[in-house]
Amino acid sequence: MDYVFRIVPQMLDGCLVSFQVFLITIVLSIPLGVLLSLGRVSGSQLLQKIIGFYVWIMRGTPLMLQIFFVYFVLPSVGIRLPDFESALVAFVLNYAAYFCEIFRSGIQAIPKGQYEAAHTLGMNYLQTMRRIILPQVIRIILPPISNETITLVKDTSLVYVLAMNDLMRTARNLVQRDFNITPFIVAAVFYLIATLILTVLFEHLEKHFSRYEQ
Amino acid sequence: MNKIKAQNIWKKFNKLEVLKGIDLEVNEGEVVAVIGPSGGGKSTLLRCLNKLETVDRGTVVIDGEELCHETSVGTEYVNKNDIRRIACKMGMVFQQFNLFPHMTVLENLIEAPVNVQKRDKAEVIKEAEILLSKVGLSDKRDEYPRKLSGGQQQRVAIARALAMKPAIMLFDEPTSSLDPELTGEVLKTMRELAEEKMTMVVVTHEMGFAKEVATKVVFMADGRVQEQGTPAEIFDSPKNERLKAFLNVILK
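This structure is a prediction, so every number in the text was calculated from the model and none was measured. (Residues numbered from 1 in each chain as written. Chains lettered and ligands numbered in written order. Predicted model: local features only at pLDDT ≥ 70, side-chain atom pairs only at ≥ 80, totals over all residues. Heavy atoms only, no water.)

This brings us to the overall build of chain B. The helix and strand tally for chain B stands at nine helices and 11 strands. Against the compact-globule benchmark of 18 Å for 252 residues, chain B has a radius of gyration of 18 Å, which places it among compact chains. Dimensions of chain B, computed from C-alpha atoms along their principal axes, come out at roughly 50 × 45 × 35 Å. Relative to its 252 residues, chain B shows a buried fraction of 54%. The contacts of chain B with a sequence gap of at least 6 include a subset with a gap of at least 24, amounting to 62%. Chain B carries 36 positive and 37 negative side-chain charges, and their two centres are separated by 3 Å. (Helix = DSSP H or I, 4+ residues; strand = E, 2+ residues; numbered from the N terminus. Rg over C-alpha atoms; globule rule 2.2 N^0.38 Å. Buried < 20%, exposed > 50% of the residue type's maximum accessible area, 1.4 Å probe, protein only. Contact = heavy atoms within 4.5 Å. Lys, Arg positive; Asp, Glu negative; His and termini not counted. Charge placed at Lys NZ, Arg CZ, Asp CG, Glu CD.)

See below:
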């Protein structure tokens, strides 16, 4: 137990790095995903194809490969980013693709009659989306968003490939230093706590956004 | 004065000609019932009036304002903002109600008057409450649509359309998805509206309504207006063969 208390401060530092990656990715990739999905359901064939291609690339290659790409390949075309930012760019671009598909499916699940009613009430595109469509979409997409968010908690451990001291890498360093696997167990507990918090949070959100269905 | 004037309306879905040169005139205070077999283009015609469907050819004039006019190559619409403005001169009631499920009854009513017409919210709420009592649903003010029966939902939909103070009301088979025992309450609301001299176009299979409430009946089949006239002319002395056959089947 003593040992646990000794390593916890170090591991909390690792948690902070992981949490930063998590939070910044969520905050940036969700709005980007919304924009991409609006393009994906827009009338423009060209836009649909371009975004479809983007989603294919992002979902079709490993996130780790994308992190390497941003870190090692972009400098050769003159874009050089620090470690942390490199990882974030890859995370945001990758997760935006997944969120785009979630939002697209949500938007397409709204019956055509909702758009027609909005049209006959004189609403423009923005009013229709903001007031009528998106509030209903949120209700539909919360479960898959919750899924994706929990996946992200664990995906943050991928930043170790850029030698960043996140929770996972900190744990591994401690295990190698002390020949003791306890840090792995502590790391697991931290990940589980994060997931538990998200699970409870999303349950509340789901309840809130589905109140009109009860 | 003409509230609606549609001339030579043509509309094709892929290769299927749905409307083949329709003319329709609706005067102020008239209640026009559009009847005819399914697939005859009734709903499509209605949806062309507020540009839920785009016409391929023809002219549509609503309340003295041109929505689109026929050109040598088909038709030309006015700009987007004018389309929106003209379209919401007509309240529309759908077969599937299309209430906004995430809003309460009152929120459904006030949404567009407040956010589109930018009217004073307190004023709009007051009027919405009067409309709700008119359709007999004051007690459902704060319920979500899901909690209401089909007939109640449709009456809310009528009230929502009326909250925009439309010049014309369009009804697209308003009772077709209702259980028989619920159609009465919706028809009663529509009848009251007709008595207040609201200009109405009603696509319907309710022959009783067409007979008793309509001032003009339009019979459509195969994308054409086959015959039109007063309810007495249409139901008691039909001339068109298709109309006679239709009435034979429907009135047995």
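With that settled, the discussion passes to the sheet that holds strand S1 (residues 2-13) of chain B. All names here are of chain B. On the basis of which strands lie adjacent, the open sheet formed by five strands has the order S2-S1-S4-S5-S6 and antiparallel pairing. Of all strands in the sheet, those bounded by a partner on one side alone are strand S2 (16-27) and strand S6 (74-77). Sheet twist, expressed as the mean angle between neighbouring strand axes with direction ignored, is 20°. Of the strand pairs in this sheet, strand S5 (residues 65-71) and S6 are connected by four bridges, and their pairing is antiparallel. (Pairing = 2+ DSSP bridges. Axes fitted to C-alpha atoms, helices over the stretch in contact; angles between N-to-C directions.)

Turning our eyes to something else, we now look at the packing of aromatic side chains. A ring pair, where both rings are aromatic, is described by two values, the distance of the centres and the angle of the planes. Evaluated as defined, the whole model comprises nine aromatic pairs over all chains. Where Tyr95 of chain A meets Phe99 of chain A, the ring centres are 6.3 Å apart and the plane angle is 50°; that geometry is what we call tilted. You can see Tyr95 of chain A and its partner Phe99 of chain A sitting in helix H4 (residues 83-108), four residues apart, about one turn around the helix. Look at Tyr95 of chain A and you get buried, because its relative accessible area is 1%. When the ring of Phe219 of chain B is compared with that of Phe246 of chain B, the centres are 5.2 Å apart and the planes differ by 40°; the resulting orientation is tilted. In this pair, Phe219 of chain B sits in strand S10 (residues 216-221) while Phe246 of chain B sits in helix H9 (residues 241-251), placing the two residues 27 residues apart along the sequence. On the basis of relative accessibility, which here comes to 0%, the residue Phe219 of chain B falls in the buried class. (Phe/Tyr/Trp six-rings, centres within 6.5 Å; stacked < 30°, edge-to-face > 60°.)

Here we take up the confidence of the model for chain B. On average, residues of chain B score 94 in pLDDT, and 100% of them are at 70 or above. Among the scores for the predicted complex, ipTM is 0.93 and pTM is 0.86. (pLDDT = per-residue confidence, 0-100.)

On to the packing of helix H3 (residues 63-73) of chain A against H4 of chain A, then. All names here are of chain A. Contact geometry for H3 and H4: axes closest at 8 Å, N-to-C directions at 135°. Between H3 and H4, the crossing angle belongs to the class labelled oblique. For the pair H3 and H4, the sense of crossing is right-handed. Between H3 and H4, the residues in contact are Leu63, Gln66, Ile67, Val70 and Tyr71 and Asp83, Ser86, Ala87, Val89, Ala90, Phe91, Asn94 and Tyr95, respectively. Split into classes, the residues belonging to the contact of H3 with H4 amount to nine nonpolar, three polar and one charged. (Parallel < 35°, antiparallel > 145°, perpendicular 65-115°, else oblique. Left-handed = near helix turned anticlockwise from the far one by under 90°. Nonpolar A, V, L, I, M, F, W, Y, C, P; charged D, E, K, R; others polar.)

As a further point, take the side chain of Glu227 of chain B. Residues and elements named next belong to chain B. When you line up the elements, Glu227 lands in strand S11 (residues 224-229). Despite being buried, Glu227 has no salt bridge partner; Lys239 is the closest side chain of opposite charge, sitting 4.2 Å away. There is a polar contact of 3.2 Å between the side chain of Glu227 and the backbone nitrogen of Lys239. A distance of 2.7 Å separates a polar side-chain atom of Glu227 from the backbone nitrogen of Asn240. The residues contacting Glu227, other than those within four sequence positions of it, are Val217, Val218, Phe219, Ile234, Ser237, Pro238, Lys239, Asn240 and Leu243. (Salt bridge = Lys/Arg side-chain N within 4 Å of Asp/Glu carboxyl O. Polar contact = N/O pair within 3.5 Å; in protein donor to acceptor, adjacent residues only side chain to side chain.)

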